[in-house]
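Coordinates in review
Each chain, written out:
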Amino acid sequence: MAVPVAFFALFFAYPVTAIVGRGLKAEGDWQFGRIGEVLSRPDILDVLWFTTWQALASTALTLLIALPGAYVFARFDFPGKQVLRAVVTVPFVLPTVVVGTAFLALLGRGGLLDELWGVRLDTTVWAILLAHVFFNYAVVVRTVGGLWSQLDPRQEEAARVLGAGRFAAFRRVTLPALAPAVAAAALMVFLFTFTSFGVVQILGGPAYSTLEVEIYRQTAQLLDLPTASVLTLVQFAAVGGILAVHAATVRRRERALKLVDPAQTSRRPRGAGQWALLGGVLLTALLLILLPLGVLVERSFDGPGGYGFGYYEALQSVGAGGSSTFLVPPLGAVGNSLRYALVATLIALVIGGLAAAALTRRAGRLVRGFDALLMLPLGVSAVTVGFGFLITLDKPPLDLRTSWILVPLAQALVGVPFVVRTMLPVLRAVDDRLREAAAVLGASPLRAWREVDLPLVRRAVLVAAGFAFAVSLGEFGATVFIARPDNPTLPVAVARLLGRSGELNYGQAMALSTILMLVCAVSLLLLERIRTDRSGEF
């Protein structure tokens, strides 16, 4: 536990505490009265209200649209099912900046709807809600569909034989069994939308602002640290409260279930109703997921002189079109992002692997507290973390403000929770008697880990690496503060291009977003191949 605790203390707790403390201190004294002052401001109350209700609306809309998809993937067998499963998961690993750009190409000025019907939905709440559904569709399909595929359908069939109608059997038998998975999916969607940054910043315009966007505005634009500190504390308290309520609720609803092999529950659709449901899910995937991505790709090739590679070629030059946004060609951000993501993945694997190994040793409250510590970066503003890096890691012996390693360190903070959650169940499934047998035969603890644990968890390590790489590649909230102008990442480069007017800048943003989307999609497909490869199962 020592190395992960030291890592989080130095690169998470210290920067966050420092920036919050700087905002709430004046002349060496704590000014807690600022909390009440900030929270009583009408503009801040509007931000809090919008953050909450848009997260609730996004969660409800995502469940409404995605639950039929979860059922189809769980119960139906149809051609192209694995490919479609990977396709609907692509949005989840895409950076929020790319998601916002894709919907901007579909709903914004000069977008598909604008060209066909003269309708623009950017700078409206509907664009934000649709983008959130697009981003979180796979969360519900994966979380709920995974459990649904293992529920024995004969239990619901028995209820119908005893006289229950189709809806009553589902409500009394299946829904209670699915409740923990639905609650977990709803929680994840709510957290992702409650802390939404890139999507709201690009699609919401000046009229809409979430807590995360407001923290960024107060910090980077207005230099109002007291307000930003209060909002950080509010966001942290809200996320912590939500997690606590969810944990208590799920513990009360969890119960033993009769699970079966998913292959036994999946079959081809029967009857007009099931075929119509499958068709509806496929149409939803086409309109909600493939259409925005397709429009994004199409806009990247649609130049002033017709279709071609003009925008992609412009990415290779500095200051194309009179822009001084970059000190290096925007295309150089591809190499920067890949290098940063690879280093961040290595850091996340080391820290997350050690943490997961420590958590397999059940040691009561100490380990539970350590587990909660690892999840904190997902509930604290990434903007706060990034700005905290700048004001704390600027003195010897940790003067890293001008060092390239600062970006991978910030990205690794977000990757570690994914590594832990991927590796922990597998490590806990390893039989302790195997380790004991290796020790009896004279193996040292290190060799026992290398010979026993590592072969069994090798596939989980690869899956964890894929997740860490994808989230590191798309990290934006902290990176936007600490990425140097001569070494921007892909999400930062896209945001800078969108922040400047001009057709060339817009087209370059579309081209760079397409490149980032392809890199993320390839990472996901490799991850899916590893996940479905049964040769390494035990």
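A few words now on the overall build of the chain. Helix and strand counts for the chain come out as 24 helices and six strands. By residue count, 49% of the 538 residues in the chain fall in the buried class. For the chain, the share of sequence-separated contacts (at least 6 apart) that also reach a separation of at least 24 residues comes to 78%. Roughly 24500 Å² of accessible area belongs to the chain as shown, and the carbon and sulfur atoms make up 64% of that amount.

Here we take up the packing of aromatic side chains. In the structure shown here, the tally under the stated rule is 19 aromatic pairs. Ring geometry for Phe 135 against Phe 192: centres 6.5 Å apart, planes inclined by 85 degrees, an arrangement best described as edge-to-face. With Phe 135 in helix H7 (residues 125–148) and Phe 192 in helix H9 (residues 166–194), this pair connects stretches of sequence that are 57 residues apart. Summarising the aromatic geometry, the rings of Phe 190 and Phe 194 are spaced 5.6 Å apart at their centres and angled 25 degrees between planes, so their arrangement reads as stacked. One end of the pair is Phe 190 and the other is Phe 194, both in helix H9 and four residues apart, which spans about a single turn. Residue classification places Phe 194 among the buried positions, given a relative accessible area of 5%. An aromatic cluster is present here, built from Phe 7, Phe 8, Phe 11, Phe 12 and Phe 389 joined pairwise through their rings.

Our next topic: a nonpolar patch on the surface. There is a patch of nonpolar side chains on the surface, built from Leu 283, Leu 286, Leu 287, Leu 290 and Leu 291 and spanning about 420 Å² of accessible area. Considering the arrangement of structural elements, one finds Leu 283 in helix H14 (residues 271–301).

Looking at the chain, pLDDT values average 81 and 89% of them are 70 or higher. Looking over the chain, one finds the lowest element-wise mean pLDDT in helix H13 (residues 262–265), namely 63, and the highest in helix H3 (residues 42–75), namely 92. When the criterion is pLDDT under 50, residues 534–538 qualifies, and its contacts beyond four places in sequence or with other chains add up to four contacts.

What follows covers the pattern of salt bridges. Counting across every chain of the model gives four salt bridges. Residues Arg 299 and Glu 115 are paired through a salt bridge, measuring 3.4 Å at the closest nitrogen-oxygen approach. Of the two residues, Arg 299 is situated in helix H14 and Glu 115 in helix H6 (residues 112–117); the sequence distance between them amounts to 184 residues. Given a relative accessible area of 7%, Arg 299 falls into the buried group. Overall, the relative accessible area of 52% leaves Glu 115 in the exposed class. Connected through salt bridges with shared partners, the residues Glu 115, Glu 298 and Arg 299 form a single ionic network.

Let us now look at the packing of helix H20 (residues 432–440) against helix H21 (residues 445–474). It is at 9 Å that the axes of H20 and H21 come closest, and there the two elements cross at 155 degrees. Taken together, the axis directions place H20 and H21 in an arrangement best described as roughly antiparallel. Our pair here, H20 against H21, has a crossing hand that is right-handed. Across from Leu 434, Arg 435 and Ala 438 in H20, the residues of H21 making contact are Ala 448, Val 452, Asp 453 and Leu 456. Residue composition of the contact of H20 with H21, grouped by class: five nonpolar, no polar and two charged.

For Thr 232, the location among the structural elements is in helix H12 (residues 225–253). From its side chain, Thr 232 meets the backbone oxygen of Ala 228 in a polar contact 2.9 Å long. Residues within four places of Thr 232 in sequence aside, it is in contact with Val 20, Ile 215 and Thr 384.

Next up on the list: the packing of H3 against H9. Taken N-terminus to C-terminus, the directions of H3 and H9 make an angle of 140 degrees; their axes are 9 Å apart at the nearest point. The angle between the axes of H3 and H9 places the two elements in the oblique class. Considering how the two elements wind past one another, H3 and H9 form a crossing that is right-handed. Where H3 approaches H9, its residues Thr 51, Thr 52, Gln 54, Ala 55, Leu 56, Ser 58, Thr 59, Thr 62 and Leu 63 are matched on the opposing element by Val 182, Ala 186, Val 189, Phe 190, Thr 193 and Phe 194. Here the contact of H3 with H9 is composed, by residue class, of eight nonpolar, seven polar and no charged.

Attention now moves to the nonpolar core. In this structure, Phe 7, Val 144, Leu 203, Leu 374 and Phe 389 are the most contacted members of the largest nonpolar core, which totals 154 residues. When residues in this core are grouped by element, the largest group, 15 residues, is from H7. Discounting residues that sit within four places of it in the chain, Leu 203 has contacts with Gly 100, Phe 103, Leu 104, Asp 122, Thr 123, Thr 124, Ala 127, Ile 128 and Ala 131.

Another aspect to go through is helix H11 (residues 211–221). Most of H11 sits out of view: eight of its 11 residues are buried. Among all positions in H11, only Leu 211, Glu 212, Val 213, Glu 214, Ile 215, Tyr 216, Gln 218 and Thr 219 are buried. Downstream of H11 by one or two residues, Leu 223 has phi in the positive range, about 55 degrees.

Criteria and thresholds
Residues numbered from 1 in each chain as written. Predicted model: local features only at pLDDT ≥ 70, side-chain atom pairs only at ≥ 80, totals over all residues. Heavy atoms only, no water. Helix = DSSP H or I, 4+ residues; strand = E, 2+ residues; numbered from the N terminus. Buried < 20%, exposed > 50% of the residue type's maximum accessible area, 1.4 Å probe, protein only. Contact = heavy atoms within 4.5 Å. Areas by Shrake-Rupley, 256 points an atom, 1.4 Å probe, with all protein chains shown as cover. Phe/Tyr/Trp six-rings, centres within 6.5 Å; stacked < 30°, edge-to-face > 60°. Patch = residues over 30% accessible without salt bridge, like charges linked within 9 Å, V, L, I, M, F, W, Y side chains within 5 Å. Salt bridge = Lys/Arg side-chain N within 4 Å of Asp/Glu carboxyl O. pLDDT = per-residue confidence, 0-100. Axes fitted to C-alpha atoms, helices over the stretch in contact; angles between N-to-C directions. Parallel < 35°, antiparallel > 145°, perpendicular 65-115°, else oblique. Left-handed = near helix turned anticlockwise from the far one by under 90°. Nonpolar A, V, L, I, M, F, W, Y, C, P; charged D, E, K, R; others polar. Polar contact = N/O pair within 3.5 Å; in protein donor to acceptor, adjacent residues only side chain to side chain. Core = buried A, V, L, I, M, F, W, Y, C linked by side-chain atoms within 4.5 Å.

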